Structure formats: C-alpha cells, structure tokens
Amino acid sequence: MKYTKQYSSPAELVELLKRRGLDFSDVDNAEAAIWSIGYYRLSGYLYPLLAAPKSEHRYKKGSTFGNALSLYEFDRELRLLVLNQIERIEIAVRSAVANIICEETGDIFWMTNRKHFVNTEKFDRTISLIDKELQSTHEDFIIHFKHTYEESYPPSWMLTEILPLGTLTRVYENIADNKIRKRIAKSFGLTVPVFMSWMTVITLTRNSCCHHARLWNRYLSLRTLVMTRPLRPWISDGVRQGRIFFTLCILKHFVDIVWEGNSFKQDLMDLLGRYPMVDIHAMGFPSTDWTREPLWYSQQ
C-alpha cells in the first residue's frame, strides 16, 4: 500500500481535530503546542481520548486538547523519574561488574582477556565494540591512558565506564566462571538468569527514555524471568508483566539495594497525585492498592 498522507500545518491540524470532536477551549495556543512538540508525537497521547471504535477517529465527549497535553507532561515527568532510578542502578551494576571480577580473577585487564570468557565469537564482538568506543570517546581518562601507558587496552574499571549498558550486560553473560556471575547477581538479590533478564528490561527502558519515547502505557512484549523464591519482598502473582508498573517494580527492587533510604515510592505517589486523570490501570497497576504490595509496603 502506498503512503498517501501529506504534510498539514498546525492550524490545519487544529481544525481537523475540532471536526473530530476535540475541544480546544482549555489551551490558549494549541498551534504553538503542536509546532513545538510535533503532531506525530502528540498523537500517541490523543489516541486514548478516541471513542470506540477508534478507527472512526471520533473523540469521546468532553475530551480536550488540554487532556492530551497533561498526559504528555505526565509521561515526560515519568521518564525523568524512571531515568533517575536507572542512573543509580546502572552505576551500581558497572561498579559491581568491574570490582567483583577484578577481585575474583586477579586480572585488572580481564575484559580484554579471552581466557575469562566462554564464547570466543561473543568475545570477539565485544572487542570490536570496545575498539569502536575507544576510537570515538572523548573522555579525559581514556585520552590520558592512551598517552601515558603502553598497554593496548585500559583496565576494566575504565572500560565499564564507556561501554553501553547493553554491551556490559552481554559481557557479564559471557563470563566463563559461573561462580563470579552468581556473586554479582547475588549482590543484587537475584539469581543469574533473573539478573540478566531484568537488566535487559532496564536497558530497553533506558533506551526508550533517552529517545523520549512514550512510556506510560507502552506494552513490552518481552517475558521477564522472576525469582521463584524471592530473597527480598516482591510483588503478588496478580501483577501483570509487560506494562510499566512491572518495570517500576524491577527498578524498586534494585534501588532499595543500591540507594538506602531512597524516595522512589514517595516520588511516584507525588507524580500520580499531580495527574489524577491518568488511568493507572493502563500502566499495569493492580486493581488493589499497589502501595500494599510487599515490595512497596516494606519500606515506607
């Protein structure tokens, strides 16, 4: 099928949305909002306002352009909150991988030493990625190392700082000594398979946030492993996977370990309180009080 849609100006789009039943009385300059945000991006927040069947492109009675803008602002604040947690987790994981493996192997250059890895093809791909990062990075500590020392590669604690999180997870997966992998996973209260599964979810979520993608009601088709006998308070079986609430639970598990006394729960409650019109069930929140789930209730 040939793509036939053509460009429409913000003024034309406002008129189109009005004809479809959307109210603009609560926004002073809708055209400016469409221009600065982009209609294609905003359409993801207009979509929940459509009446069924959505294919007819008619808005529910009482739907306003301001509703869509509020949903957009909520999603923006949600991404910032999520990124704040991921930053803490990512830094802690980088530190654990660098320090524990150095300690266990006695080799500060372990990441570029083939003998520590089980799959040589994966190791070769990692080396290629490391070479690419070393060529493109402008980090002062890497430049200083290149100009000062004779070794081909910096020590692993430097490399963990410049590698993408997804690459670092694949490095962890390829470690030959499972005892080392177990020690790293256990430091975050998890088994090796669950740690790898959850790090994949965190990486995908991080990438979505960094690209400013819609987060609040997005569905993640990836099935996540869970602990059969959790070492720490977790959630009930009734919580659905795939929605953002399940991801928030994964983040909460990590953050409670790496950032004692964190305010994640309160920050999330405050955010939801500022946007009471948001349908939290579309985010995967349980029908019961989510704050009573063991994971969220154990640390007030």
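Residues numbered from 1 in each chain as written. Predicted model: local features only at pLDDT ≥ 70, side-chain atom pairs only at ≥ 80, totals over all residues. Heavy atoms only, no water.

Helix and strand counts for the protein chain stand at 13 helices and zero strands. Reading the protein chain from its N terminus to its C terminus gives the helix and strand order α-α-α-α-α-α-α-α-α-α-α-α-α. For the protein chain, the C-alpha atoms occupy an extent of roughly 70 × 45 × 40 Å along the three principal directions. Per-residue burial over the protein chain gives 46% buried out of 300 residues. Long-range pairs, those at least 24 residues apart, make up 66% of the contacts in the protein chain with a sequence separation of at least 6. When the accessible surface of the protein chain is totalled, it reaches about 16600 Å², and 51% of it is carbon and sulfur. Distance between charge centres in the protein chain, computed from 38 positive and 34 negative side chains, equals 7 Å. (Helix = DSSP H or I, 4+ residues; strand = E, 2+ residues; numbered from the N terminus. Buried < 20%, exposed > 50% of the residue type's maximum accessible area, 1.4 Å probe, protein only. Contact = heavy atoms within 4.5 Å. Areas by Shrake-Rupley, 256 points an atom, 1.4 Å probe, with all protein chains shown as cover. Lys, Arg positive; Asp, Glu negative; His and termini not counted. Charge placed at Lys NZ, Arg CZ, Asp CG, Glu CD.)

A few words now on the pattern of salt bridges. Across all of its chains, the model carries 10 salt bridges by this definition. Measuring nitrogen to oxygen at the nearest pair gives 2.6 Å for the salt bridge that ties glutamate 77 to arginine 274. Of this pair, glutamate 77 sits in helix α4 (residues 65-105) while arginine 274 sits in helix α12 (residues 264-274), and the two are 197 residues apart along the sequence. Glutamate 77 sits in the partly exposed class, given a relative accessible area of 21%. Taking the shortest distance from any N to any O, the salt bridge between arginine 183 and glutamate 104 comes out at 2.8 Å. Within this pair, whereas arginine 183 is found in helix α9 (residues 178-186), its partner glutamate 104 is found in helix α4, the two being separated by 79 residues in sequence. The partly exposed category is assigned to glutamate 104, whose relative accessible area is 32%. Among the ionic contacts, a cluster of salt bridges with common partners joins Glu103, Glu104, Lys179 and Arg183. (Salt bridge = Lys/Arg side-chain N within 4 Å of Asp/Glu carboxyl O.)

Once that is clear, we can look at helix α1 (residues 10-19). A turn of α-helix holds 3.6 residues, and therefore any two residues three or four places apart point the same way. Turning to α1, its buried residues are Pro10, Leu13, Val14 and Leu17. For α1, the buried positions fall inside an angular range of 105° around the axis, keeping them on one side. Of the surrounding secondary structure, the elements contacted by the buried residues of α1 are α2 (30-37) and α3 (39-46). Glycine 21 sits one or two positions beyond α1 and adopts a positive phi of about 100°. (Arc of directions from axis to C-beta.)

With that settled, the discussion passes to the nonpolar core. The biggest cluster of nonpolar side chains holds 93 residues, and the ones touching the most others in it are Phe65, Phe195 and Phe254. Sorting elements by how many residues they give to this core places α4 first, with 18 residues. (Core = buried A, V, L, I, M, F, W, Y, C linked by side-chain atoms within 4.5 Å.)

Before going further, it helps to spend a moment on the environment of glycine 62. You can see glycine 62 is positioned in the loop between α3 and α4. For the pair formed by glycine 62 and threonine 4, sequence separation is 58 residues and the distance between their alpha carbons is 31 Å.

Looking now at the environment of asparagine 113. Examined against the element boundaries, asparagine 113 turns out to sit in the loop between α4 and α5 (120-136). Looking at asparagine 113, the relative accessible area reads 23%, which means it is partly exposed. Sequence separation between asparagine 113 and phenylalanine 123 is 10 residues; the distance between their C-alpha atoms is 9.0 Å. Other than its neighbours up to four places away in sequence, asparagine 113 contacts Asp107 and Phe123.

Running from N to C, α4 and helix α10 (residues 192-210) point in directions that differ by 135°, and their axes come no closer than 10 Å. In this view, α4 runs oblique relative to α10, as classed from their interaxial angle. Handedness of the α4/α10 crossing: left-handed. Along its contact with α4, which presents Arg79, Val82, Leu83, Ile86, Ile89, Glu90 and Val93, the element α10 presents Phe195, Met199, Ile202, Thr205, Arg206, Cys209 and Cys210. Looking at side-chain class alone, the contact of α4 with α10 contains 10 nonpolar, one polar and three charged residues. (Axes fitted to C-alpha atoms, helices over the stretch in contact; angles between N-to-C directions. Parallel < 35°, antiparallel > 145°, perpendicular 65-115°, else oblique. Left-handed = near helix turned anticlockwise from the far one by under 90°. Nonpolar A, V, L, I, M, F, W, Y, C, P; charged D, E, K, R; others polar.)

A few words now on unusual backbone geometry. Residues alanine 52 and proline 53 are joined by a peptide bond in cis, for which omega reads -5°. As for its position among the elements, proline 53 is in the loop between α3 and α4. The backbone of histidine 57 sits at a positive phi, close to 55°, despite the residue not being glycine. Histidine 57 sits in the partly exposed class, given a relative accessible area of 37%. The residue histidine 212 is not glycine, and still its phi comes out positive at about 60°. As for its placement among the helices and strands, histidine 212 is situated in the loop between α10 and α11 (244-258).

Honestly, that's just the spatial picture; any functional story needs more than this.
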